[in-house]
Structures are given as C-alpha cells and as structure tokens.
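# Secondary and tertiary structure notes
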Amino acid sequence: MTGAEGRRGGPDLSVTIAGVKLRNPVIAASGTFGYGGEYRGLLDIAGLGGICTKGLTLHPRPGNAGVRLHETPSGLMNSIGLENPGVAGFIEGELPRLRRLGPAVIVNLAGADMAEYAAAAALLDGTEIDMIELNISCPNVKAGGMAFGLDPAAAGAVTAAARKAAAHKPLMVKLSPNAPDLAAVARACVNAGADALSLVNTFKALAIDVIRRRPVFDRESAGLSGPAIRPIALRMVWDIWAAQQSWAAGPGGPPGGPVPIVGMGGIAAAGDALEFLMAGAAAVQVGSATFARPPAMNEIIAGIGRYMKENGLSALGELTAAARYPR
Ligand SMILES: Cc1cc2nc3c(=O)[nH]c(=O)nc-3n(C[C@H](O)[C@H](O)[C@H](O)COP(=O)(O)O)c2cc1C
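Because the structure is a prediction, the values reported are computed rather than measured.

The next subject is the packing of helix 2 (residues 86-100) against helix 3 (residues 114-125). Two elements in contact, helix 2 and helix 3, have axes whose closest approach is 9 Å; the angle formed by their N-to-C orientations is 15°. Viewed along their axes, helix 2 and helix 3 adopt a mutual orientation that is roughly parallel. Where helix 2 crosses over helix 3, the handedness of that crossing is right-handed. Along its contact with helix 2, which presents Val87, Ala88 and Ile91, the element helix 3 presents Ala120, Leu123 and Leu124. Classifying every residue of the contact of helix 2 with helix 3 by side-chain character gives six nonpolar, no polar and no charged.

Its 15 residues place the ends of helix 10 (residues 296-310) 21 Å apart at the C-alpha level, agreeing with the 21 Å of an ideal helix rising 1.5 Å per residue. Residues Ala296, Met297, Ile300, Ile301, Ile304, Gly305 and Met308 constitute the buried set of helix 10. Close packing links the buried residues of helix 10 with strand 3 (26-28), helix 8 (270-279), strand 16 (283-286) and helix 9 (288-292). A positive phi of about 65° marks Gly312, the residue just after helix 10.

Right, let's talk about the confidence of the model for the chain for a bit. Taken over all residues, the pLDDT of the chain has a mean of 93, while the share at 70 or more is 94%. Low confidence marks residues 1-7, where pLDDT is under 50. Its contacts with residues over four positions away, or in another chain, come to 17 contacts.

Further remarks concern the pairing of strand 6 (residues 75-78). With four bridges joining them, strand 5 (residues 69-72) and strand 6 adopt antiparallel strand pairing. Bridge pairing links Glu71 to Leu76 in strand 6. Taking the residues that link successive antiparallel strands as the turn, the strand 5-strand 6 hairpin has two residues, and the phi of Ser74 there is positive, at about 60°. Bridge count between strand 6 and strand 14 (residues 221-225): three bridges; the pairing is antiparallel. Bridge pairing links Asn78 to Gly223 in strand 14.

Time to look at the sheet that holds strand 14. Across a sheet, strands are paired by hydrogen bonds formed along the backbone, either parallel or antiparallel in direction. One open sheet holds the four strands; their spatial order is 5-6-14-11, and the pairing between them is antiparallel. Because the sheet does not close on itself, it has two edges, and the strands there are strand 5 and strand 11 (203-206). Across the sheet, the mean angle separating the axes of adjacent strands is 40° when strand polarity is ignored.

Right, let's talk about the environment of Cys52 for a bit. Secondary-structure assignment places Cys52 in strand 4 (residues 50-52). By C-beta crowding, Cys52 is classed as buried, having 29 other C-beta atoms within 10 Å. Residues in contact with Cys52, not counting those within four places in the same chain, are Ile27, Ala28, Ala29, Ser30, Ile106, Asn108, Glu133 and Gln285.

What follows deals with the site of the ligand. Neighbouring residues of the ligand: 27 residues in total, closest Gly31, Gly55, Ser225, Gly287 and Ser288. Elements with a contribution of two residues or more to the shell around the ligand: strand 6 and helix 9. Considered class by class, the residues forming the shell around the ligand number ten nonpolar, 15 polar and two charged.

For the rest of this paragraph, the subject is unusual backbone geometry. Glycine aside, a negative phi is what most residues show, and trans is what most peptide bonds show. A cis amide bond links Leu199 with the next residue in sequence, Val200, at an omega value of 15°. Among the structural elements, Val200 can be located in the loop between strand 10 (196-199) and strand 11. The backbone phi angle of Ser74 is positive, close to 60°, even though this residue is not glycine. With respect to the helices, strands and loops of the structure, Ser74 is situated in the loop between strand 5 and strand 6. Positive phi is not limited to glycine here, since Glu220 has a value of about 70°. Mapped onto the secondary structure, Glu220 falls in the loop between strand 13 (214-215) and strand 14. When the 13 C-beta atoms within 10 Å are taken as the criterion, Glu220 is described as partly exposed.

What follows covers the sheet that holds strand 9 (residues 171-174). Read once around its circumference, the closed barrel built from eight strands follows the order 3-4-7-8-9-10-15-16, with strand pairing classed as parallel. The mean angle between the axes of side-by-side strands here comes to 25°, regardless of whether they run parallel or antiparallel. Where strand 10 and strand 15 (residues 261-263) come together, three bridges link them in parallel fashion. Pairing of Ser198 across the sheet is with Val262, part of strand 15.

Thresholds, definitions, all that
- Residues numbered from 1 in each chain as written.
- Predicted model: local features only at pLDDT ≥ 70, side-chain atom pairs only at ≥ 80, totals over all residues.
- Axes fitted to C-alpha atoms, helices over the stretch in contact; angles between N-to-C directions.
- Helix = DSSP H or I, 4+ residues; strand = E, 2+ residues; numbered from the N terminus.
- Parallel < 35°, antiparallel > 145°, perpendicular 65-115°, else oblique.
- Left-handed = near helix turned anticlockwise from the far one by under 90°.
- Contact = placed C-beta atoms within 7 Å.
- Nonpolar A, V, L, I, M, F, W, Y, C, P; charged D, E, K, R; others polar.
- Expected span 1.5 Å × (residues − 1).
- Buried ≥ 20, exposed ≤ 12 C-beta atoms within 10 Å, placed from the backbone.
- pLDDT = per-residue confidence, 0-100.
- Pairing = 2+ DSSP bridges.
- Near = placed C-beta within 6 Å.

Take a look at the structure:
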C-alpha cells in the first residue's frame, strides 16, 4: 500500500515516529540492508517506510575476522563487528544516494566510548538524515556496543550525551535483549531524552564447529536473529509497552511520557508484523527475512494493508497495542 493508494480511499498505513512521518510502518533493519542501494532492482525500495543504515562509528572499522554468518534452525547468527566507512565517509559517500531512494533515512550509530558516540552524533546533527538510532546493543564488538545497553546508568548517560550532541535530530535508542533488566534500561533512556525505543537487537548466542572443536566465530559468541527469536522479542515489546504505561501513571515517570516503540526480531510475514503492532509497537523493522527473500518487506506492507481493509480499519494507529484492548 502506497501513500497514493491511501489517498484513493484505502487504509492509511502512515505513522509518525518522533516527528518523522513514515509512509508505512515497515523499516529495513540495521545491518541487513547496507545503505539501501545494494538492493536496487531486488525490491520496491521506494515503497518502504524507512531504512536504517548499517551501524556507523566515528572512525571507519574493518569488522571482525573469521566466519561472520552462520545459519541455525529458524535463525541466523552474525558477527560482523560493525564494518563501516565511518560517519564522515558515510556523509560524503552514501548519504546523498540513500536520501534519493525515498524512504526515511535512519542512521544506526555505535561507538567504543561516550566521547565517540557524542562526536559522531554531532557530525550527524547538521546532515539531511531523518533520525538517529542509537545502537547500545551490538554484541559483536570488543569495546562499547552492548556494554552500554546492559546497564541502566550507562544507557542513560550515553543517551543524554547523544541527545545533547545531536539536539536537532529525533533520537531512537535500540535496546539489547541481553539486558538483565530491560525495563530499567528503557526507563533510563527515556528519562535521558530518547524520543523512541527500538527493540530488539540480536541475542548473544554460541555455535561450535565439532570438526575443529572450536567455536564457529573467532569472538566465540555471536548475535542470533530470525524467526527463532520472534516470540521472545514480541514478549519484550509487550513488556516495555506495559512498563511505559505504568511509569506514565505513577510518580516520577519519564518527563516525555510513553515514547513510540519500533519492534523487531524474526518478522518475516505480515502476520508477524501485525503481532508486534498489536503488542504495542508503532512500527516494525525487518532484518534477516530480507536476506532470504528481498521483497519480504513489500509483501509485509501489502499484507498489513489487506488486513486493515478486511477488518475495516482506516488508520494504522488502530492496530497499535490492539491486543491490549481487544474489540
Ligand atoms: C548480518 C546482520 C548485521 C547486523 N548489524 C547490525 C548493526 O550494525 N546495528 C544494529 O543495531 N543491529 C544490527 N543487526 C541487528 C538487526 O538490525 C536486528 O535488530 C536483528 O537482526 C533482529 O531482527 P531480525 O530477526 O528481523 O533480523 C544486524 C543483524 C544481522 C543479521
């Protein structure tokens, strides 16, 4: 369903996240869509709601050595290690092309320490990007990455630093499912100025090569994604949505109140995306499914539109958290 179809009287799939209007709620997940152009000709890129870039860091990174991808039943393990051209390289080389593709441009930003996050965020503040997705959840790097996403105080501090450095850009913080207390991390991020939350990044996991009698990945553990994680990711979206309602009702809640949730983890079909929306997500991201079937996101968008039509829904907001308020 495109914006034009919406104007012709079909259901309106558009959604506004932190002031950024998406034509529909389906966003390409970071690290699975490059900088957009890599997929030219394989799907209708302009029909997507948004594109999250591969995780960028202040300085270019070569990524990890050894095996980087390993398939598991219903899942995919990766240990890419944030290979990227650096923020300045992205702004010069990739951003103009990415901007022309049409969907909202969301930059996934990672860093080894707080100063790096802040310096990179400051560089992005003056650019044409629509939103920053602060990646405090990458499990595949030695320094920074997921370490910030496991501890509420560290998550709040890095969110506050990025908020200050990129004062003009909407800020979404991407949470790690590996956090011992995910709701506490979410609360710290919203308190520190996050305009939206995205969840989840990959689950820390392990595979062993029984021939070599060694872990498959050089860094031993790697991040698990794909349908194998979907029911757990869905439960996390459900929990964080509920936690936000209780903070809003109670004393000392985050000043911004509930912020929109962008849900992800194993979404491969329209029915999966509908589950995340009904659990409380305002939009979704799709990652591993695109590797298996590049047009998966287009099919998911069309399927959401069909569901809305068949069920007499005119606006996407009627689906958000619908499983909480069944009609
Ligand atoms: C190969 C690969 C690379 C990824 N790189 C990043 C990254 O750079 N930054 C990030 O925040 N998430 C990264 N992710 C995580 C995805 O964006 C997403 O959170 C996760 O894969 C769950 O969604 P899925 O099950 O639909 O793939 C990566 C995932 C994969 C499979």
